Amino acid sequence: NTFGDWVTTTNKLAKENNDIAANNYIKPTGTLILSDPTLGLEVTSNAYVHGVLSVIGAVSSAYVQNNMNVGSQLYLTNTTLGLVSSGAGQFNGPVYANSSGIGLYVANNAVVTGNIAIGGLETVNGTLTVYGSTDIENNLLVTGSAIIDTNTSILGYAVVNERVTT
């Protein structure tokens, strides 16, 4: 190595250091590993990931302080509890609950302002109140009280084990 080689190498290192500090920095190969024990990376403006973003590790998590937009599908693969919302949830399209066993469980009141179509056996352990016309195209089994305040059309048969008030 000559003195000129040393100067050339030093200038390249200085340029790379300046690019990291103030310019765009492109690392053509290898992995950039940031292992600071308190904060590995902080981005104070927009950040773009042009590949897969994986948050991994035994204590990994992701926190979004404001809104998060997903441009395609969101897959939740947790098999015990996949989605928790502390506020209201709004879905502007159909909600499909296609799991085996219980597909939809409502622990409080449910208000449906449109039509509801039930294709299988449904169990209501509390009070079911229907405002408006009700068409039952299969069997209706009532083991408690049934209060009917409007017209009900039953195309199958109805079994009532207690009283019916009309």
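Parameters at a glance
- Residues numbered from 1 in each chain as written.
- Predicted model: local features only at pLDDT ≥ 70, side-chain atom pairs only at ≥ 80, totals over all residues.
- Heavy atoms only, no water.
- Helix = DSSP H or I, 4+ residues; strand = E, 2+ residues; numbered from the N terminus.
- Rg over C-alpha atoms; globule rule 2.2 N^0.38 Å.
- Buried < 20%, exposed > 50% of the residue type's maximum accessible area, 1.4 Å probe, protein only.
- Phe/Tyr/Trp six-rings, centres within 6.5 Å; stacked < 30°, edge-to-face > 60°.
- pLDDT = per-residue confidence, 0-100.
- Patch = residues over 30% accessible without salt bridge, like charges linked within 9 Å, V, L, I, M, F, W, Y side chains within 5 Å.
- Areas by Shrake-Rupley, 256 points an atom, 1.4 Å probe, with all protein chains shown as cover.
- Salt bridge = Lys/Arg side-chain N within 4 Å of Asp/Glu carboxyl O.
- Contact = heavy atoms within 4.5 Å.

**What to know about the overall build of the chain**
Part 1: Of regular secondary structure, the chain possesses one helix and six strands.
Part 2: For the chain, the N- to C-terminal ordering of α and β elements is α-β-β-β-β-β-β.
Part 3: In summary, the chain has a C-alpha radius of gyration of 31 Å against a globular reference of 15 Å for 166 residues, an excess of more than 25%.
Part 4: Dimensions of the chain, computed from the C-alpha atoms along their principal axes, are close to 105 × 30 × 25 Å.
Part 5: Looking at the chain residue by residue over its 166 residues, the buried ones come to 2%.

**Structural notes on the packing of aromatic side chains**
Each aromatic ring pair is summarised here by two numbers: the centre-to-centre distance and the angle between the ring planes.
Part 1: Taken as a whole and assessed by the stated rule, the structure comprises one aromatic pair.
Part 2: Measuring from centroid to centroid gives 5.4 Å for Phe3 and Trp6, while their planes differ by 40 degrees, and the two rings are tilted. Linking Phe3 with Trp6, this pair stays in helix 1 (residues 3-22), spanning three residues, or about one helical turn.

**Concerning the confidence of the model for the chain**
Part 1: Averaged over all residues, the pLDDT of the chain equals 82, while 95% of them reach at least 70.
Part 2: Taken element by element, the chain is modelled with least confidence in strand 6 (residues 164-165), mean pLDDT 64, and with most confidence in helix 1, mean pLDDT 89.

**As for a nonpolar patch on the surface**
Part 1: A surface patch of nonpolar side chains, amounting to about 820 Å² of accessible area, comprises Val64, Met68, Val70, Leu74, Leu76, Leu83, Phe91 and Val95.
Part 2: Positionally, Phe91 belongs in the loop between helix 1 and strand 1 (134-136).
Part 3: By relative accessible area, which is 57% here, Phe91 ends up exposed.

**Topic: the environment of Thr143**
Part 1: As for its placement among the helices and strands, Thr143 is situated in the loop between strand 2 (140-142) and strand 3 (146-147).
Part 2: For Thr143 and Val159, which are 16 residues apart along the polypeptide, the C-alpha to C-alpha distance reads 8.2 Å.

**Some remarks on the side chain of Asp19**
Part 1: By the secondary structure assignment, Asp19 is in helix 1.
Part 2: Residue classification places Asp19 among the buried positions, given a relative accessible area of 14%.
Part 3: If we skip the residues at most four places from it in the chain, Asp19 touches Asn24 and Tyr25.

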